[in-house]
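# A structural walkthrough
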Amino acid sequence: MSRTVLGSLRDFVPLRPLGHAEARRIAELQAARLLKLVGLSEPPVSEQVIADLPRIQIERVRLLPVSGATQWSHGRWLILLRAQEPATRQLFSAAHELKHILDDPFFDVLYRAIPQAQRGPFIEQVCDYFAGCLLIPRPWLKRAWGDGIQSVPGLARHFGVSEPAIEVRLSQVGLAAPRRRCDPSSDWTPPRTGGSAVYHRLASALIT
């Protein structure tokens with residue numbers, strides 16, 4: 001795969017502060033572009049889509065105290081996943097962490113207009129939204145719904161994701177009542193300066 005994939009996804013990002021609606025719209029555009037670049041037009045979206053991206057390595061750690069973590073190290077992005085969590089949760093965490101990677105070069109610009117107390121939850125919501133768009137794209141979900149797959153368990157099997165992820169995505173595309181994806185408390189750690197950005201989420205705050 002071309003080494004310009006991440007760059008092409010970052011091309012969607014305007015270099016100015018983003019509000020909630022625009023940040024979500026850009027996340028959805030990035031997810032759709034990635035699926036197009038890898039030639040996927042139907043579910044499921046496997047972890048390999050992320051693992052095959054240039055300079056990205058996924059590793060599982062049994063004693064990791066968080067569900068997912070991302071760090072730039074030795075010339076590549078290292079995504080760590082909590083090994084004992086369900087495969088569907090690990091997949092969602094990997095997609096979530098990919099959005100952190102995409103946003104990293106523009107972090108100080110994109111989110112500076114968000115009050116400090118709200119910034120962590122805001123960024124987490126955007127990353128979760130990106131993960132949902134990548135694993136359960138809006139057009140695919142509507143097509144599956146139209147084809148008669150309308151139960152949450154059936155859709156979860158169809159897309160290879162968790163049932164809670166399907167429930168949230170159904171509400172986001174207008175096929176079900178709204179439901180929040182994340183715990184309202186912040187579980188996000190902002191990046192450290194000096195080129196060693198680290199992002200992570202607490203395992204207890206995620207939906208399995």
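In what follows, the structure referred to is the one given above.
Below or above, wherever it landed, is the structure these notes cover. Keep in mind that this is a model prediction, so the values were computed, not measured. (Residues numbered from 1 in each chain as written. Predicted model: local features only at pLDDT ≥ 70, side-chain atom pairs only at ≥ 80, totals over all residues. Heavy atoms only, no water.)

## What to know about the side chain of Glu85
- Its location among the elements puts Glu85 in the loop between strand S3 (76-82) and helix H4 (87-103).
- Within the local environment of Glu85, its side chain forms a polar contact with the side chain of Arg89, the two groups lying 3.4 Å apart. (Helix = DSSP H or I, 4+ residues; strand = E, 2+ residues; numbered from the N terminus. Polar contact = N/O pair within 3.5 Å; in protein donor to acceptor, adjacent residues only side chain to side chain.)

## Side note on helix H6 (residues 116-135)
- With 20 residues, H6 should cover 28 Å at 1.5 Å per step; its first-to-last C-alpha distance of 30 Å lies within 8% of that length.
- Among the 20 residues of H6, 15 are classified as buried, and the element is accordingly described as predominantly covered. (Expected span 1.5 Å × (residues − 1). Buried < 20%, exposed > 50% of the residue type's maximum accessible area, 1.4 Å probe, protein only.)

## With respect to the packing of aromatic side chains
- Counting across every chain of the model gives three aromatic pairs.
- For the ring pair Phe107 and Tyr111, a centre distance of 6.1 Å and an interplane angle of 55 degrees mean the geometry is tilted. In this structure, Phe107 and Tyr111 share a single accessibility class: buried.
- Each ring, one from Tyr111 and one from Phe122, has its centre 5.6 Å from the other, and the planes form 70 degrees; the classification is edge-to-face. Note that Tyr111 is positioned in the loop between helix H5 (107-110) and H6 and Phe122 in helix H6, a separation of 11 residues in sequence. (Phe/Tyr/Trp six-rings, centres within 6.5 Å; stacked < 30°, edge-to-face > 60°.)

## As for the environment of Pro164
- Its location among the elements puts Pro164 in helix H9 (residues 163-172).
- Relative accessible area serves as the criterion here: at 18%, Pro164 is assigned to the buried category.

## Quick look at the pattern of salt bridges
- Considering all chains together, one arrives at eight salt bridges under this definition.
- Glu22 serves as the salt-bridge partner of Arg16, at 2.6 Å between the closest nitrogen and oxygen.
- Salt-bridge contacts for Arg25 lead to Glu22; the nearest nitrogen and oxygen are separated by 3.8 Å. Residue Arg25 and its partner Glu22 are located together in helix H2 (residues 20-37), separated by three residues, close to a single helical turn. (Salt bridge = Lys/Arg side-chain N within 4 Å of Asp/Glu carboxyl O.)

## Observations regarding unusual backbone geometry
- In this chain, Pro43 is followed by Pro44 through a cis amide linkage whose omega measures 0 degrees.
- Residue position: Pro44 is located in the loop between H2 and helix H3 (48-51).
- Residues other than glycine seldom take positive phi values, yet Arg55 does so here, at roughly 60 degrees.
- Relative accessible area serves as the criterion here: at 47%, Arg55 is assigned to the partly exposed category.
- Of note, the phi angle at His74 is positive, near 55 degrees, even though the residue is not glycine.
- Here His74 is to be found in the loop between strand S2 (66-73) and S3.

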